[in-house]
Amino acid sequence: MDLKLSHTFLQVHDQDEALAFYRDVLGLEVRADVDFQGFRWLTVGPASQPGVEIVLEVPGMGRPGDEQTLRELLAKGSLGGVIFTTDDLDATFGKIRAAGAEVIQEPVDQPYGVRDCAFRDPSGNHLRFSQVLSSR
């Protein structure tokens with residue numbers, strides 16, 4: 001079997017606010033933005049990975065009956081997370097912090113070979129950014 005990741009889902013409380021963050025702050029491309037069965041199918045992804053899409057979905061989309069539970073978990077920051085890699089972690093950190101994102105962790109060298117940092121997106125989702133450390 002040759003499996004490849006195509007989509008991953010992040011719950012967001014406001015798709016326009018999420019779009020502004022992921023497109024304008026992180027620089028991701030909009031892949032789809034269409035009405036779909038009473039909802040908005042909104043996806044973004046990195047230009048360097050055209051086959052990967054992050055679906056920015058509102059609670060309840062495709063999960064009838066779970067909307068309230070998802071909203072409560074989202075409000076606590078208990079849903080979803082994504083790890084991005086970058087070639088310049090410190091510059092990435094500076095740009096995202098300057099945009100006003102909530103910092104969870106400042107850049108730090110990890111014993112498992114990466115330098116990383118973490119933020120919350122406008123909906124509270126945990127986002128990590130990492131850079132592979134050069135061989136020592």
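As shown above, the structure is provided for reference.
What you see is a predicted model; the values in this text were computed from it and never measured. (Residues numbered from 1 in each chain as written. Predicted model: local features only at pLDDT ≥ 70, side-chain atom pairs only at ≥ 80, totals over all residues. Heavy atoms only, no water.)

Moving on, we get to the overall build of the protein chain. Assigned secondary structure in the protein chain consists of 3 helices and 8 strands. Helices (α) and strands (β) of the protein chain occur, in sequence order from the N terminus, as β-α-β-β-β-α-β-α-β-β-β. Scaling as 2.2 N^0.38, a compact globule of 136 residues should have a C-alpha radius of gyration of about 14 Å, and the protein chain matches this with 16 Å. Judged by the C-alpha coordinates and their principal axes, the protein chain covers about 50 × 35 × 30 Å. With 136 residues in all, the protein chain has 40% of them scored as buried. In the protein chain, 46% of the contacts between residues at least 6 apart in sequence involve partners at least 24 apart. For the protein chain, the accessible area works out to roughly 8000 Å², and carbon and sulfur atoms hold 50% of it. (Helix = DSSP H or I, 4+ residues; strand = E, 2+ residues; numbered from the N terminus. Rg over C-alpha atoms; globule rule 2.2 N^0.38 Å. Buried < 20%, exposed > 50% of the residue type's maximum accessible area, 1.4 Å probe, protein only. Contact = heavy atoms within 4.5 Å. Areas by Shrake-Rupley, 256 points an atom, 1.4 Å probe, with all protein chains shown as cover.)

On to unusual backbone geometry, then. Of note in this structure, Q37 is not a glycine but carries a positive phi near 50°. Along the chain, Q37 turns up in the loop between β2 (29–36) and β3 (39–45).

In total, this model carries 6 aromatic pairs according to the counting rule given. What links up through ring pairs into an aromatic cluster is the set F84, F93, F119 and F129. (Phe/Tyr/Trp six-rings, centres within 6.5 Å; stacked < 30°, edge-to-face > 60°.)

A word on helix α3 (residues 89–98). Every α-helix carries 3.6 residues per turn, so stepping three or four residues along brings you back to the same face. Those residues of α3 lying buried are L89, T92, F93 and I96. Burial along α3 is one-sided: seen end-on, the buried residues are contained in an arc of 100°. Positive phi appears at G100, one or two residues downstream of α3, with a value of about 95°. (Arc of directions from axis to C-beta.)

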